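# Architecture at a glance
Residues per chain, in single letters:
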Amino acid sequence: MKVGVEIGGTFTDLVRIDANGLTIAKVPSTPSQPDAGVFHALEVAGIAPADMVELAHGSTVATNAVLERKGARLALLLTEGFRDLLELRRQDREQLFDIFYRKPAALVPRRDTFEVPERMLANGTADRALDLEEAGPMLERALREGGYGAAAICLLNSFANPAHERDLADWLRARIPGLRVTCSVDVTREFREYERASTTSLSAYVQPVLDAYLTRIEARLAEGGFTGTFSMMQSNGGRVPASAIRLNAGSALLSGPAAGVTGAIRQAGLSGYTDIVTLDIGGTSADVCLVQNGKPELTREAKVDTLPVLMPMVDITTIGAGGGSIIWVDEGGLLRAGPRSAGADPGPAAYGRGGTVPTLTDAHLVCGRIQPDAKLAGAMPLDAVAARAVFVPLAAQLGLSVEELADSAVRIASANIVSAIRLVSTRRGRDPRDYALVPFGGAGPLHAAAVADALAMETVVVPPNAGVLSAYGLLAADHSLYDSLTRRTRLDEAAPEAVRATIMEMRQGLATRADGMGLGADRHWDVTLEMRFVGQAFEITVPLDDALAEAPTGEGLRLAFEAAYGRIYRHGGVMRDRMAEIVSYRVGLHVPPEAVPSLAGIGGHGFAVPEVMVEVFDEGRRQQAMRMARSSVGATPRPGPLVLEDVTATTFVPVGWLAASDPAGNLILRKAAP
Amino acid sequence: MNPVDQAVISQGLLSAAREMGIALYRSAYSSVVRDGKDASTGILDAEGNAVAQSDELIPMLVGSLSITFRSCAARYPIAKLKEGDFYICNHPYHGAHHLQDILIFVPIFFEGQVVAFSAAVAHHLDIGGGAPGLNSSSTDYFQEGLVIPPSRYNLDADWNDDGPLRHFIGSNIRVPEATLGDIDSQFAACAVGAARVHEMCRKYGTATVTQAMAEMIAYVERRVRASIAAIPDGVYVGEDALDDDGLSETPLVVKATVTVKGDNLTVDFAGTCPQVRSHMNAPFASTISATLACIKSVLSGEDVPFNEGASRAVTVLAPKGCLLNPLPPAPVRARMEASYRAYDAVLKALGQAMPDRAVACGYDTTTGFCLSYLQDGRYRVFLELRDGGYGASAIGDGCDAVAGPLSNCTNTPIEQIDADYDFFRIEHYKLRPGSGGAGAHRGGLGSSRSYRILADGVRLAIYADRFRIAAGGLAGGGAGALGHCHVHRDGEVIEVRSKADVALRKGDLIVLASGGGGGHGNPALRDASAISADAAQGYV
């Protein structure tokens with residue numbers, strides 16, 4: 001039996017695969033004790049640790065440690081003259097018009113930063129040797145007296161030559177046994193000192209928290225007789241063994257939304273859709289990600305609480321449009337939906353926990369897209385009367401009926417999601433019409449058709465059991481390892497050999513790590529280069545196909561660069577006589593799991609939905625919609641309006657759209673011919 | 001009008017403006033546009049009133065799109081525009097800020113009618129003129145580069161396929177592929193705006209979209225007027241000054257008189273010093289933008305998307321011939337310093353009117369720092385813009401070492417400089433402890449950065465301010481520290497003025513320090529825990 005457990009802000013989801021197919025469970029999260037949530041979910045699903053051969057886990061524990069500033073007591077060691085890197089940041093600010101603007105607190109306070117006499121240059125030669133003769137004793141005393149549990153080291157240009165970082169780390173370990181020391185080159189070997197120092201300190205900061213968390217889980221698993229493999233999701237959309245993620249804890253940051261994207265890719269892939277836009281709408285937010293050819297876009301500019309993380313991360317854009325998003329009228333009289341949220345507690349008025357402001361979930365209930373007796377997993381009864389009541393004052397203010405107001409709010413939220421998808425596609429130079437929309441999360445399938453309609457996207461692929469797709473994604477994910485390195489290489493005659501050698505060197509490093517983790521032999525690689533014209537101040541990402549990565553040629557590299565360049569600079573043309581150069585390399589190693597069945601194959605859940613006509617208010621008018629179990633929709637397309645329910649989510653199919661099930665168990669929505 | 005259509009179209013137009021901004025900067029050759037976001041994009045209605053402007057680009061260009069548009073439309077009427085036509089202008093005496101900023105307006109036709117305009121402005125790296133990089137010696141704007149007066153051209157006839165306008169501009173500038181490429185990106189951004197407006201017209205009909213645009217302007221006017229009405233009626237005066245014009249020692253006084261009456265607000269810069277001979281003048285469009293950016297920050301923050309409605313509620317006046325409304329042909333290249341003092345003068349006046357929103361002045365200076373070196377027959381130019389401390393308020397300390405409030409430029413990573421430049425090296429980059437003005441809340445700190453010169457013949461060009469006149473404190477708070485630029489040479493320290501050119505020698509060490517923000521409140525009332533925290537962290 002294989003089990004995936006995903007801890008979200010509101011719910012902890014579980015997906016189990018065994019000989020009988022898939023089963024699922026959903027329990028409320030326990031934010032104060034996240035690891036207890038894992039075992040609660042196992043208990044509810046009736047799973048004994050000894051029965052699992054594999055447990056895959058996704059958790060927000062690392063991200064929360066940063067947001068709540070509850071990580072290691074950390075010292076940061078920097079090149080002399082540069083102790084303030086974390087405070088100076090990149091000098092720009094997050095809000096443009098805030099006269100009271102303050103930077104978020106640095107992860108390592110200034111008094112915990114220390115300067116080390118040394119200076120490495122970009123070409124890897126030392127302008128000043130590491131000299132601990134004079135400064136060493138003072139540094140040692142300060143670190144001993146400071147009571148630090150961990151130290152992070154980030155020295156200038158260490159990616160070009162790590163000798164000073166290594167020597168300093170050895171020196172520290174020898175003098176202060178027990179101090180956990182993290183070198184920047186072991187976290188990322190890319191240039192830009194602020195971003196690397198930020199990434200290194202984030203990784204060192206969350207490491208003890210993550211370690212303690214995993215140790216607690218492992219101990220309880222062992223008590224229960226667990227002898228299987230235990231893996232954890234990373235922000236790049238792949239997994240690693242739990243024992244390994246402790247060595248590079250930064251890769252666990254922002255891993256939550258990545259599992260859903262991986263699940264969407266796998267599940268949509270079963271129906272042959274590989275160019276997709278994923279749309280995950282949960283309780284507080286909507287997450288959007290663009291997937292090209294079955295691979296999520298990876299960003300190099302990810303941030304946690306505005307702190308940069310220089311690691312490949314699934315590029316997810318988040319906006320404040322979730323079930324709990326508050327519906328309000330601003331000072332100028334404009335109707336708004338979000339970004340503020342009623343959260344999980346009190347949550348929507350319909351939850352009957354004292355929520356007094358209208359939310360999107362309330363709006364869907366008022367409009368009939370969610371039926372009051374819908375048996376959603378985690379089953380909380382819905383209070384339709386309370387949901388209606390909270391809209392009354394606003395409706396009176398705007399001179400609308402309660403239904404009109406609720407429907408308007410839903411349309412505004414959908415419009416905000418449409419904007420987010422447009423911005424993501426424009427940023428990437430893509431056209432949403434070339435993609436299928438894959439909605440998931442509890443509320444994604446409610447908005448999907450309207451969103452696709454506005455973007456002229458022709459197809460919506462609704463995964464089965466869309467509410468637990470993230471937990472499924474954990475089991476469907478590859479094991480993935482990444483390495484990146486800044487090493488400037490001009491595209492001259494010597495380039496192909498130098499590029500080949502660098503890629504081989506990085507691949508061997510990754511293979512050794514994978515061997516150490518006991519990962520299987522079915523290994524896939526992806527290689528991207530950060531390239532630019534010599535003299536340009538910024539790079540563009542150039543993916544290499546397998547053949548080119550194996551045997552680089554001068555012409556092949558140049559053409560790959562020009563193709564990527566042309567996608568961005570559609571108008572300016574390529575400057576053919578200018579020398580191009582590689583700035584950084586990134587290599588990924590992926591080991592796929594054994595075949596994972598479709599999420600549709602849920603066994604053991606009798607799920608009855610009365611097949612009746614219900615009243616729905618959509619696009620400004622009252623309509624009669626057929627309500628039925630999603631599983632009752634067959635291969636023959638059925639016209640909307642339809643309210644389709646399964647155990648984790650409701651799909652709304654509006655007028656003008658057709659819904660049909662396909663062999664993979666996905667529900668395919670298409671615009672009806674006019 | 002249906003409130004949901006209104007909300008959806010409004011959000012759609014704002015989103016279109018943002019998307020245009022992304023289309024512009026993601027493919028910009030100029031790092032000033034790409035990283036500094038020194039650009040602006042927006043949608044104007046069929047008469048050229050700004051409806052939506054991207055809020056992710058720098059504040060300095062808030063509210064000035066329509067000014068340039070009107071200059072163009074006055075000469076080439078909208079009624080005569082054909083599909084494919086566009087307006088273009090970079091004339092600082094016709095609504096542009098300086099010649100580096102080229103504005104482009106493309107009419108959006110739907111069913112044969114102009115329903116809106118898309119607008120894109122970008123700061124270009126090179127626009128020709130007297131010298132590459134920084135040229136502080138211009139005595140009129142003609143020496144500052146190629147002047148594009150308010151004009152109408154046609155994309156197919158004049159621009160595409162190496163059209164004559166493209167060829168003409170390309171022949172007058174030093175790095176044509178970058179500048180022309182960035183103009184291409186401006187057109188691409190405008191095309192994105194047109195596509196979005198087309199979609200809305202198809203879905204809602206032109207009449208509804210037009211009505212929604214009018215309502216969006218009215219909405220912003222309503223919100224701005226509501227926040228003005230909350231200010232007590234009265235006359236409030238703020239004053240600040242620039243160090244000098246770089247030629248003499250005379251401080252340049254900037255004075256703002258803010259008059260609030262009901263829901264009207266007027267800012268009059270009468271009493272500001274006369275225009276100067278150097279390029280420190282700010283053309284009127286810059287003065288308007290700086291004023292509106294300050295008002296937006298103090299009155300409404302991020303949430304109110306400024307458009308023509310804000311300009312209707314706020315009147316900005318400046319006497320002709322003064323530093324903030326110079327007469328041609330005064331040069332204007334370095335208009336940011338005077339714009340910052342206009343911002344500060346308005347900030348001080350508004351602070352009196354709204355004590356709970358009052359903030360002390362920050363360092364608020366554009367520190368343009370440029371090292372150039374002729375190597376193997378080619379100019380190597382390093383240019384960066386620096387930070388400064390923000391002013392404190394009744395709410396808290398000022399922010400340390402951050403880009404000025406009208407811009408948002410990033411710094412250049414040390415490791416990037418190490419790899420790209422071999423004629424200098426950064427030796428330190430750190431906060432300047434104690435540089436924030438004292439107060440119950442202290443001003444933000446400035447920073448210090450040093451550059452070791454590794455070759456003979458390197459030239460330093462700088463324009464900055466607040467080397468002699470500090471950011472003042474508020475409500476009993478102290479002033480922030482001054483900025484300075486020192487060259488350490490053979491054991492001596494050479495003091496460099498805030499606007500200067502210096503020939504350097506191998507071995508010189510330049511220390512460039514940005515100053516701090518003003519403090520707020522009596523320093524004796526500073527919280528004991530804040531004092532001990534400052535001491536522990538070494539901020540003082």
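Each value, and the rule that gives it
Residues numbered from 1 in each chain as written. Chains lettered and ligands numbered in written order. Predicted model: local features only at pLDDT ≥ 70, side-chain atom pairs only at ≥ 80, totals over all residues. Helix = DSSP H or I, 4+ residues; strand = E, 2+ residues; numbered from the N terminus. Rg over C-alpha atoms; globule rule 2.2 N^0.38 Å. Buried ≥ 20, exposed ≤ 12 C-beta atoms within 10 Å, placed from the backbone. Contact = placed C-beta atoms within 7 Å. Axes fitted to C-alpha atoms, helices over the stretch in contact; angles between N-to-C directions. Left-handed = near helix turned anticlockwise from the far one by under 90°. Pairing = 2+ DSSP bridges. Domains from an automatic or database assignment. Nonpolar A, V, L, I, M, F, W, Y, C, P; charged D, E, K, R; others polar. Core = buried A, V, L, I, M, F, W, Y, C linked by C-beta atoms within 7 Å. Expected span 1.5 Å × (residues − 1). Parallel < 35°, antiparallel > 145°, perpendicular 65-115°, else oblique.

## Some words on the overall build of chain A
Along chain A, the regular secondary structure elements total 16 helices and 35 strands. Computed over C-alpha atoms, the radius of gyration of chain A comes to 26 Å, within 12% of the 26 Å expected from 2.2 N^0.38 for 674 residues, which places it in the range of a compact globule. Taken over the C-alpha atoms alone, chain A extends approximately 80 × 60 × 60 Å along its principal axes. For chain A, the proportion of its 674 residues judged to be buried stands at 55%. In chain A, the proportion of contacts linking residues at least 24 apart, taken out of those at least 6 apart, comes to 67%.

## A word on the overall build of chain B
Across its full length, chain B holds twelve helices and 19 strands. Relative to the globule expectation of 24 Å for 540 residues, the C-alpha radius of gyration of chain B, 23 Å, shows essentially globular dimensions. Residue pairs in contact within chain B that sit at least 24 positions apart in sequence constitute 74% of those at least 6 positions apart.

## So, the packing of helix α8 (residues 284-299) of chain B against helix α10 (residues 336-353) of chain B
The angle between the axes and the distance between the axes are what describe a pair of packed helices. Residues and elements named next belong to chain B. Running from N to C, α8 and α10 point in directions that differ by 40°, and their axes come no closer than 9 Å. Seen along the crossing, α8 lies across α10 with a hand that is right-handed. Where α8 abuts α10, its residues Ser286, Thr287, Ala290, Thr291, Ala293, Cys294, Ile295 and Val298 lie against Ser339, Ala342, Tyr343, Val346, Leu347 and Leu350.

## Quick notes on the sheet that holds strand β1 (residues 39-45) of chain B
Residues and elements named next belong to chain B. If you trace the six strands from one edge of the open sheet to the other, you get β2-β1-β5-β4-β3-β6, paired in antiparallel fashion. Each edge of the open sheet carries a strand with a single partner, namely β2 (50-53) and β6 (151-154). Here the average twist between neighbouring strands, direction ignored, is 25°. In the sheet, β1 pairs with strand β5 (residues 113-123) via seven bridges, with the strands oriented antiparallel. Directly across from Ile43, in β5, lies its bridge partner Ser118. Packed onto the sheet, helix α1 (residues 3-25) meets β1, β2 and β5 and runs at close to 145° relative to β1. Against the sheet, helix α6 (residues 176-204) touches β1, β4 (101-110) and β5, its axis set at about 150° to β5.

## Quick notes on the domain arrangement of chain B
All names here are of chain B. Looking at the assigned domains, one finds that chain B contains domain 1 (3-222) and domain 2 (359-540). Here the C-alpha centre of domain 2 lies 34 Å away from the C-alpha centre of domain 1. Opposite the ten residues of domain 1 that make contact, domain 2 presents 16 residues. Classifying every residue of the side of domain 1 that touches domain 2 by side-chain character gives five nonpolar, three polar and two charged.

## Quick notes on the domain arrangement of chain A
Residue and element names in this part refer to chain A. The domain boundaries assigned to chain A delineate domain 1 (73-210) and domain 2 (479-591). The gap between the C-alpha centroids of domain 1 and domain 2 is 28 Å. Contacts between the two partners involve five residues from domain 1, matched on the other side by four residues from domain 2. For the side of domain 1 that touches domain 2, the residue count by class is two nonpolar, one polar and two charged.

## As for the interface of chain A and chain B
Residue-level contacts link 54 residues of chain A with 64 residues of chain B. For the side of chain A that touches chain B, the elements supplying multiple residues, two or more each, are α3 (85-88), α6 (193-223) and α11 (402-428) of chain A. It is α11 of chain A that contributes the most residues to the side of chain A that touches chain B, ten residues altogether. Classifying every residue of the side of chain A that touches chain B gives 24 nonpolar, eleven polar and 19 charged.

## Comments concerning the sheet that holds strand β11 (residues 368-375) of chain B
Residues and elements named next belong to chain B. Spatially, four strands are ordered β12-β11-β15-β18 in an open sheet, and the strand pairing comes out antiparallel. Strand pairing shows two members of the sheet lacking a second neighbour, β12 (378-385) and β18 (499-503), which therefore form its edges. Averaged over all neighbouring strand pairs, the angle between strand axes comes to 15°, with direction disregarded. When strand β15 (residues 459-463) meets β18, the two strands line up antiparallel, connected through five bridges.

## Side note on the nonpolar core
Among the nonpolar cores identified, the biggest contains 381 residues, and Ala409 and Leu437 of chain A together with Ala342 and Val346 of chain B are the most heavily contacted of them. Apart from residues no more than four positions distant in its own chain, Val346 of chain B is found in contact with Gly238, Ala256, Val258, Val267, Thr291, Cys294 and Ile295 of chain B.

## Points about the environment of Met613 of chain A
Residues and elements named next belong to chain A. Take Met613: it is sitting in strand β29 (residues 612-618). Overall, Met613 belongs to the exposed group, with 12 C-beta atoms counted inside 10 Å. Excluding residues within four positions of it along the chain, Met613 makes contact with Gln624, Ala625 and Met626.

## Focus: the pairing of strand β14 (residues 286-292) of chain A
Residues and elements named next belong to chain A. In terms of burial, β14 is largely enclosed, as six of its seven residues are buried. Where strand β13 (residues 276-281) and β14 come together, six bridges link them in antiparallel fashion. What sits directly across from Val277, in β14, is Leu290. The loop that links β13 with its antiparallel partner β14 comprises four residues. In this sheet, strand β20 (residues 316-319) lies alongside β14 in antiparallel orientation, the contact comprising four bridges. Residue Cys289 lies in a different strand from β20, and its bridge partner there is Ile316.

## Some details on helix α4 (residues 132-145) of chain A
Residue and element names in this part refer to chain A. For α4, built from 14 residues, the straight-helix expectation of 20 Å at 1.5 Å per residue is met to within 8% by its first-to-last C-alpha distance of 18 Å. Within α4, only one of the 14 residues are buried, leaving the element largely exposed. Directly beyond the C-terminal end of α4, a positive phi value near 65° is found at Gly147.

## Structural notes on the pairing of strand β10 (residues 314-317) of chain B
All names here are of chain B. Residue alternation in β10 divides its side chains into a buried set, Val314 and Val316, and an unburied set, Thr315 and Leu317. The pairing of strand β9 (residues 264-268) with β10 spans four bridges and is parallel. Across the sheet, residue Thr266 finds its bridge partner in β10, namely Thr315.

## Here we look at the packing of helix α9 (residues 360-367) of chain A against helix α10 (residues 384-398) of chain A
All names here are of chain A. Contact geometry for α9 and α10: axes closest at 9 Å, N-to-C directions at 110°. In terms of orientation, α9 and α10 fall into the roughly perpendicular class. The segment α9 lies against α10, with Asp362, Leu365 and Val366 engaging Ala384, Ala387, Arg388, Val390 and Phe391. Class assignment of the residues belonging to the contact of α9 with α10 gives a composition of six nonpolar, no polar and two charged.

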